[in-house]
Amino acid sequence: MSVVKINVLTVPPEMRETLEQRFAARAGAVESSDGFEWFELLRPVEGTDQYLVYTRWRSEEDYQKWASERMGPAHSGEGQRKPAATDATLWSFEVVQHAAPKTG
Ligand code: HEM
């Protein structure tokens, strides 16, 4: 069963552009991680001020493995510069149902 891990980032309005630029220049390492299924950076439009970093993984173990190693290239900027986010919270979900458009 797939799992969804969402990093919820609180970003002050004046730091939005910085955050989006950092993601535009992201390492791109996650694409090659075992069990990685999806990534989206979601910009808030209505109802919240928080950005969501949406990721989906084949299993909890696959996420944990990436998470334990990601402080390498994927988050290389952290610790060396001021974070754009003032707060970060991790949400975890299990995929119960899903649908995709019919093909053909
Ligand atoms: C203190 C916590 C965190 C902060 C402030 C943060 C912020 C950032 C930023 C600014 C980037 C852009 C690249 C860079 O600057 O290195 C990034 C990359 C990324 N973050 Fe985080 N992050 C945090 C933890 C997490 C967690 C827990 C997840 C799990 C969902 C996550 C998922 C990702 C992904 C998938 C990328 C792209 C990596 C790639 O391209 O290989 N982050 N993060």
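Here the structure is shown first, and the text comes after it.
Keep in mind that this is a model prediction, so the values were computed, not measured. (Residues numbered from 1 in each chain as written. Predicted model: local features only at pLDDT ≥ 70, side-chain atom pairs only at ≥ 80, totals over all residues.)

K.L.:
Go over the overall build of the protein with me, naming the residues and quoting the values.
P.N.:
In terms of helices and strands, the protein carries 2 helices and 4 strands. Going from N to C terminus, the protein has its helices and strands arranged as β-α-β-β-α-β. Taking the principal axes of the C-alpha coordinates as reference, the protein spans close to 45 × 35 × 25 Å. Residue burial in the protein is summarised as follows: out of 104 residues, 8% are buried. In the protein, once contacts between residues fewer than 6 apart in sequence are set aside, the share between residues at least 24 apart is 73%. (Helix = DSSP H or I, 4+ residues; strand = E, 2+ residues; numbered from the N terminus. Buried ≥ 20, exposed ≤ 12 C-beta atoms within 10 Å, placed from the backbone. Contact = placed C-beta atoms within 7 Å.)

K.L.:
Go over the sheet that holds strand 4 (residues 87-94), please, and point to the residues and values.
P.N.:
The strand order across the open sheet built from 4 strands is 2-3-1-4, with neighbouring strands paired in antiparallel fashion. Only two strands of the sheet have a single partner each, and these edge strands are strand 2 (36-42) and strand 4. With strand direction ignored, the average angle separating the axes of adjacent strands in the sheet is 15°. Across 8 bridges, the pairing between strand 1 (residues 3-10) and strand 3 (residues 50-57) is antiparallel. Note on strand 3: the bridge partner recorded for Val8 is Leu52. Strands in contact with helix 2 (residues 60-69) are strand 1, strand 2 and strand 3; relative to strand 1, the strand with the most contacts, it is inclined by about 40°. (Pairing = 2+ DSSP bridges. Axes fitted to C-alpha atoms, helices over the stretch in contact; angles between N-to-C directions.)

K.L.:
Residue-level account of the environment of Leu52, with values.
P.N.:
Position of Leu52 among the secondary structure elements: in strand 3. Given 16 C-beta atoms within a 10 Å radius, Leu52 is considered partly exposed. A sequence separation of 30 residues divides Leu52 from Arg22, and the C-alpha atoms of the two residues are 14 Å apart. With residues near it in sequence (within four places) discarded, Leu52 still touches Ile6, Val8 and Leu42.

K.L.:
Pulling in residues and values, what's your account of the pairing of strand 1?
P.N.:
As defined by bridge partners, strand 1 adjoins strand 4 across 8 bridges and the pair is classed as antiparallel. Bridging across to strand 4, Lys5 finds its partner in Ser92.

K.L.:
Quick one: what's the story with the environment of Ser92, residue by residue and with numbers?
P.N.:
With respect to the helices and strands, Ser92 occurs in strand 4. A count of 10 C-beta atoms within 10 Å places Ser92 in the exposed class. For the pair Ser92 and Ile6, spaced 86 residues apart in the sequence, the C-alpha separation amounts to 6.5 Å. Excluding anything up to four places from it in sequence, Ser92 contacts Val3 and Lys5.

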